[in-house]
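Geometric and topological summary
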Amino acid sequence: MPATKILITGATGYIGGSVLTTLLESKDSNISTCSFSALVRKQEHADLLIEKGINGIVFSGLDDTTLVREVASKHDIVINTASAFHFRAAEAMILGLADRKKETGEETYYIHTSGTSSLGDYPISGGYTENRILSDKEDIYAYQRYRESLQPYQQRTTDLVVFEKGEAANVKTYILMSPTIYGLGSGFFNRTSIQIDGIIRAARRSGFTPVVGTGAFEWDHVHISDMVKLYELVVSRLLAGDDLPSNKKGIYFNETGHQSWREVSERIAKEGKALGYLPSDEVRELSMEESVAALGKALPPAAIELGFASRSRTRADLSREIGWEPTKTRKDFEESFREEWVILSKESTF
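A quick note: this is a predicted structure, and the numbers were derived from the prediction, not measured. (Residues numbered from 1 in each chain as written. Predicted model: local features only at pLDDT ≥ 70, side-chain atom pairs only at ≥ 80, totals over all residues. Heavy atoms only, no water.)

1. Looking at the nonpolar core
Soluble globular proteins: nonpolar side chains tend toward being buried together. Grouped together as the largest cluster of nonpolar side chains are 96 residues, with contacts concentrated most on Ile-79, Tyr-110 and Ile-111. The leading source of residues in this core is helix 9 (residues 224-239), at 9 residues. (Core = buried A, V, L, I, M, F, W, Y, C linked by side-chain atoms within 4.5 Å. Buried < 20%, exposed > 50% of the residue type's maximum accessible area, 1.4 Å probe, protein only. Helix = DSSP H or I, 4+ residues; strand = E, 2+ residues; numbered from the N terminus.)

Now the structure itself:
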């Protein structure tokens, strides 16, 4: 029987690189017999991946949806970690998997990476307010469809495309929706986080640590090593033939604790000052306009309030029900800020 072919997008990134190395090193007998491909934009990245036994495929980017669909059609499982905001690329991957299913008669699977900013509210600009802790056993599809009707958000738009196009194309889809991810990644390229990384870089550039508004609102967090275990688990169970909840019921949260945005900035400031990277441990409240200027390199401007100031609380009931067992603790979260500073301080530019 031919090996299952798995395609990973975003393999040079923080999440995708860590997912890829986790699957390559997996002790699961079904995963260890799979063949892996990765879409990358630079030949040197493809060359390094080829050295690691991965089929590195160079492409111009996600806008080339014709090629994306064609490459996806040659694989049985696609894990998209490249962009949660590019709905046309997600659709192309799903359609490619539908082509593959038509050709082989076998099930194909699409695993999509999203984030809980899709569930966040608007405490500063004044819009939707959310006070609940949402469970992945609730009807999150209906919730996102409702939220999208109030105010479109490109990441949520992409989630809805995955839900709906997957169902229409008869391709099983799974959305893994993560909160703030912390910790050092295990990939071959970028190994640092997005949100915490973005605030540290802004602090190093300005000499003070920013917080959007008061920073009073809370998000969940997860260590990168715990998060990638969920990807490994989902792949393992699919390869074993298990019928996991999919499509409109197939959204999986992953959280191990929570924090306010002010706490994040205060911990960044404290460690940055202690290590000598910042002149003080000042945390300065910024307006939305100032925040877009300070943090716009980390996320698109439209995502700054949702990604750095909103309230977004989740409970990973379904993920735990299917066997996800995270191990990191609150102490790991608190100690991660020093490690992040040390890693980023080695870069010449911020």
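Next comes the rest of the account.
2. Let's talk about the side chain of His-45
Assignment of secondary structure puts His-45 in helix 3 (residues 43-51). Here His-45 is in contact with Thr-12, Val-40 and Phe-189, once residues within four sequence places are set aside. (Contact = heavy atoms within 4.5 Å.)

3. Brief notes about the layout of surface pockets
Rolling a probe over the atoms, with the probe sized like a water molecule, indicates the empty space that remains. Here the largest pocket is characterised by a volume of approximately 1,300 Å³. Every residue lining the largest pocket is counted, 49 residues in all, and those nearest its centre are Gly-13, Thr-81, Ala-82, Ser-83 and Ile-194. Put simply, the parts of the chain that give the lining of the largest pocket at least two residues each are helix 1 (14-24), strand 2 (35-40), strand 5 (109-115) and helix 8 (195-206). (1 Å grid on protein atoms, 1.4 Å probe; cavity = no way out; pocket = protein on both sides within 12 Å on 5 of 7 lines; lining within 4 Å. Points joined across faces, edges and corners; volume = space filled by probe spheres on them.)

4. Examining the pairing of strand 10 (residues 218-223)
Across the 6 residues of strand 10, 5 count as buried, placing the element largely inside the fold. Pairing of strand 8 (residues 180-182) with strand 10, which is carried by 3 bridges, proceeds in the parallel orientation. In the sheet register, Tyr-182 faces strand 10, and the bridge partner there is His-223. Pairing between strand 10 and strand 12 (residues 257-260): 4 bridges, direction antiparallel. Directly across from His-221, in strand 12, lies its bridge partner Gly-257. (Pairing = 2+ DSSP bridges.)

5. Quick word on helix 3
Listing the buried residues of helix 3 in full gives His-45, Ala-46 and Leu-49. The arc enclosing the buried residues of helix 3, seen along the axis, measures out at 100°, which places them on a common side. Its buried side turned inward, helix 3 meets helix 1, strand 2 and strand 3 (55-58). The positive-phi residue at the C-terminal boundary of helix 3 is Gly-53, with phi of around 90°. (Arc of directions from axis to C-beta.)

6. Let's talk about the sheet that holds strand 12
Across the sheet, which stays open at both edges, the 3 strands sit in the order 8-10-12 with mixed pairing between neighbours. Edge strands, defined here as strands with exactly one partner in the open sheet, are strand 8 and strand 12. Recorded for the sheet is a direction-independent mean angle of 40° between the axes of neighbouring strands. Contacts from helix 9 reach strand 8 and strand 10 within the one sheet, and its direction differs from that of strand 10 by about 75°. (Axes fitted to C-alpha atoms, helices over the stretch in contact; angles between N-to-C directions.)

7. As for the side chain of Arg-311
Mapped onto the fold, Arg-311 is located in the loop between helix 12 (304-308) and strand 14 (313-315). Glu-130 provides the closest opposite charge to the buried, salt-bridge-free Arg-311, at an N-O distance of 5.6 Å. At 2.9 Å, the side chain of Arg-311 and the backbone oxygen of Arg-132 are in polar contact. Setting aside chain neighbours within four positions, we find Arg-311 in contact with Leu-119, Gly-120, Asp-121, Glu-130, Asn-131, Arg-132, Ile-133, Phe-217, Glu-218 and Trp-219. (Lys, Arg positive; Asp, Glu negative; His and termini not counted. Salt bridge = Lys/Arg side-chain N within 4 Å of Asp/Glu carboxyl O. Polar contact = N/O pair within 3.5 Å; in protein donor to acceptor, adjacent residues only side chain to side chain.)

Everything listed here is a matter of geometry and, on its own, says nothing about what the molecule does.
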